[in-house]
Amino acid sequence: MSEKAPKRRLLVAAIVLIAILAIGVGYYLWVYAPAAAAAAKIKAGYIYVGPIGDYGWTHAHDQGRKIVDEKYDWLDTVYVESVSEADCPRIIDKLITEENCDVVFTTSFGFMDATIEAGEKYPDKIFFHCSGYKRGANVGTYFAEFYQLYYLNGLMAGALTKTNKVGYVAAHPIPEVIRHINAFAIGVKEVNPDAKVYVVWIHAWYDPTKAREAAEALIADGCDVLAFTEDSPTVIEVCEEYYAKGQPIYAFSHYSPMYSYGPNVTVSGQLVHWEVVYDDILTKIHDGTYTSQNLENVDYWWMLHEGAVELGCDFGMPINPKFEDALKAVTVTDTKTGHGTMSVYDLVMLRLEQMKAQPAHVAKVENGQLVWELGPIEFDPFTGPLYDQDGNLRVADGVRLGHDDLWTMDWFVDNVVGSPTG
Amino acid sequence: MEKKEAPPKWMEVLVPLVSVASALLIAGFFLALQGIPPLELYSKMLAGSFASYHGISYTIVKTIPLLLCGAGLVLAFKANIWNIGAEGQLLMGAVAATWVALYAMPSAPSYLVIPAMFAFGFIAGALWGLVPGYLKSKLAVNEIITTLMMNYIAIKLVEYLIYGPWRGEEEWGFPITDKFPEAAWLPRIPGTSVHIPTLILALLSAALVYLLLYKTKVGYEARVYGSNPEAARYAGISSEKVILLVMAISGGLAGLAGVGEVAGIHRRLRYPWSISCGYGFAAIIVAFLARLNPLAAIISAIFLGGLFVGGDAVQMAFGLPVGVVNMFNGLMLLCLVSGEFALKYRVRVK
């Protein structure tokens, strides 16, 4: 084989490639360049980790984006979906330099480093990172929290289980998921001290196949009520299939309204209103409250009181009417806030009102530092006494867990079966 | 069907170009069905990857791992050894670099820790490649299966480390390691994410694989083994030596790519699919698009890097899912393989 040929071949290939490039670039400049014009409005870019059709996390963020986009004339939005963590810096660059965004929302934990670095790179732009804990002068953080809802779901699960085995299909063993499982188990225990919560990790946020396997394994193990953290309605569908076969298994929907996937089996669930958070952030940017200089201590951790989350498996339906009678038939004594004996249905409604009435946690700035303090709420699920799986008293009687404890939670309460490390 | 004589030289350049063009045509047909003007979309893609400073810099960022893995795969495929495990070898390089940066020498100065990361990254990738290499040379175990499976072991190992023993002390329980000390951050071209040492290594790797293949005895042996193992045996070439050497270098180069990704981009170990968005697999296309010419792999790596980067321009401008890029990659590989076939065989009806 000749040794000179590769060089000539390379040269030819390079020339052809450059020619193709030049044609493409020329065409692009000719068609698109004149369209670049400045706008006086606010333009917000959203970076999503999943597809907007995931029926979970990303779908919910996109719903929130659409609602605020339609509400305000001064707002334009653009989004990029299915962005991997490695690609986030590039997408931020694009949104800022090519789409001329003033604000960028990065909606996955894995985008944290990229968001902080972008904040330093573009000091006059505003960034908000969802679910992280690092901030900067122009980088704020926000999160809509579900633990109150999981607790309320737990109350209902404790009342409905006949086998005293409640299953939980869990995504990743990280503090957020551990906190939600614990809140759920605390609710189960309040109504049914004999019941246990069995956890199966699937190590994925979105994986219908693994979710199905996990749900079926839990059912085979005797669980008759299931909750889950996974961005598809798979677990609900599995339960509906078992219901059709004459074996009723009940479930709680997650993140999006999943009632329609299992009207016979879906009891309640967790719903999010990201638009409430986005509305607040964008309005405050628009009226000048938030600037690229003062976000160092801006952190949203919004729950029922702020309206960022809603109890139910469909908007406006906190409890599937089909289950009202069953929940009214079980009575329980409120030992935590002393409102006497009532049905589980009434207890859910009481707790819902208690948690809506006051904020659970309040952000304060002390000596230039953000500090989360306990809010003046009448009831919070994470109130001692709480024991871990080894029987150690982790939270003393009457003591409440605060933001930092909950955000770093790496242990399960005593009625959870499974390992918190996955 | 029979084998043709050696195809003319100009065909060797033509086949990749025609393959890319056919892939563009076929993809364009489907895009047009969806009501999307293909020419406009392609020009936007090109513009996204090559028309701006940002675009070019990110294309180079993607080119680095694609070229390192691709150069290694050229060597392997040239010797007819089917290393499908570059993805796992890359991850093992990332693991080794993390170990060096966070645990072995956390307070060492840059001039020690950076070479150490690359050295251990290469060794880790090489070892990961040597396992299937050893199985193939001693027990004749099919390397396609073993290299592919080794990927999943590497993925699980990374997951185990970030959920378990290496989970960061300062990261609020999230499954990522702590950040590397600053001494272990690879220097970047200012204002971009282009990590300079790895870029240099990537270009060197292409040149070295070229020299190895065409200017050394082992390279000659590898090529002979690749074109005809029986002939190689008669010529007294040790298949064992060829297989082990090729797998070690091929795996080691992928390991270097892993070092670059964690020390140059992320500066920590994280989810496997965040460290590598399939570079090890895309590098297979890099190698074939270059028609197993290590120097041409530089161009094909840039082309594929650009394709990765151009993909999101498509998303933003046309609201298309990122799957379009995967579809295009798949079509291109299909066209390449068919082109290769047409080049080497002719069908004769008797």
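Residues numbered from 1 in each chain as written. Chains lettered and ligands numbered in written order. Predicted model: local features only at pLDDT ≥ 70, side-chain atom pairs only at ≥ 80, totals over all residues. Heavy atoms only, no water.

## Comments concerning the overall build of chain B
Within chain B one finds 14 helices and 2 strands. Rg of the C-alpha trace for chain B: 21 Å, near the compact-globule value of 20 Å for 350 residues, within the 12% margin. Overall size of chain B, expressed as C-alpha extent along the three principal axes, is 70 × 60 × 30 Å. Counting over 350 residues, chain B shows a buried share of 57%. Of the contacts made within chain B by residues no fewer than 6 positions apart, 78% connect residues no fewer than 24 positions apart. As displayed, chain B has an accessible area near 14200 Å², and 71% of this comes from carbon and sulfur atoms. Across chain B, the centroid of the 25 positively charged side chains sits 9 Å from that of the 18 negatively charged ones. (Helix = DSSP H or I, 4+ residues; strand = E, 2+ residues; numbered from the N terminus. Rg over C-alpha atoms; globule rule 2.2 N^0.38 Å. Buried < 20%, exposed > 50% of the residue type's maximum accessible area, 1.4 Å probe, protein only. Contact = heavy atoms within 4.5 Å. Areas by Shrake-Rupley, 256 points an atom, 1.4 Å probe, with all protein chains shown as cover. Lys, Arg positive; Asp, Glu negative; His and termini not counted. Charge placed at Lys NZ, Arg CZ, Asp CG, Glu CD.)

## Side note on the packing of aromatic side chains
Applying the stated rule across the entire model yields 47 aromatic pairs over all chains. Geometrically, the ring pair formed by Trp57(A) and Tyr255(A) is edge-to-face, given 5.6 Å between the ring centres and 65 degrees between the ring planes. Of this pair, Trp57(A) sits in helix H2 (residues 57-71) while Tyr255(A) sits in strand S9 (residues 250-255), and the two are 198 residues apart along the sequence. Grouping residues by exposure puts Trp57(A) and Tyr255(A) together as buried. The cationic tip of Arg351(A) hangs over the ring face of Phe379(A); the distance from NZ or CZ to the ring centre is 4.0 Å. Seen from the ring of Phe308(B), Lys62(B) lies directly overhead, with NZ or CZ sitting 5.5 Å from the centre. (Phe/Tyr/Trp six-rings, centres within 6.5 Å; stacked < 30°, edge-to-face > 60°. Lys NZ or Arg CZ within 6 Å of the ring centre and 35° of its normal.)

## Quick look at the pattern of salt bridges
All names here are of chain A. Tallying each qualifying case throughout the model produces 35 salt bridges over all chains. Here Arg212 makes a salt bridge to Glu241, at a shortest N to O gap of 3.1 Å. In this pair, Arg212 sits in helix H7 (residues 208-220) while Glu241 sits in helix H8 (residues 234-244), placing the two residues 29 residues apart along the sequence. Close ionic contact of Glu324 with Lys328 constitutes a salt bridge, the shortest N to O distance being 3.6 Å. Here the residue Glu324 and the residue Lys328 both occupy positions in helix H10 (residues 324-329), the gap between them amounting to 4 residues, near one helical turn. Look at Glu324 and you get partly exposed, because its relative accessible area is 24%. Note on Lys328: relative accessible area 40%, which makes it partly exposed. (Salt bridge = Lys/Arg side-chain N within 4 Å of Asp/Glu carboxyl O.)

## Overview of the nonpolar core
Within the largest apolar cluster, 230 residues are counted, with the highest numbers of intra-cluster contacts made by Phe105(A), Phe128(A), Tyr142(A), Phe184(A), Trp274(A), Leu282(A) and Met117(B). Three or more residues apiece are contributed to this core by two domains, here domain 1 (42-144 + 275-302) and domain 2 (147-270 + 310-356 + 380-417) of chain A. Sequence-distant contacts of Trp274(A), that is, excluding residues within four places in its chain, are made with Trp57(A), Ala60(A), His61(A), Gly64(A), Cys130(A), Tyr142(A), Phe143(A), Ala144(A) and Tyr255(A). Counting residues in hydrophobic clusters, the runner-up holds 18 residues, among them Val80(A), Leu95(A), Tyr122(A) and Phe127(A). (Core = buried A, V, L, I, M, F, W, Y, C linked by side-chain atoms within 4.5 Å. Domains from an automatic or database assignment.)

## Focus on the pairing of S9(A)
Residue and element names in this part refer to chain A. Judged by how many residues are buried, S9 sits mostly within the fold: 6 of 6 residues are covered. Here strand S8 (residues 225-228) runs beside S9; their pairing, made up of 2 bridges, is parallel. Bridge pairing links Val225 to Tyr250 in S9. When S9 meets strand S10 (residues 266-272), the two strands line up parallel, connected through 5 bridges. Each residue of the ladder has a partner; that of Ala251, found in S10, is Thr266. (Pairing = 2+ DSSP bridges.)

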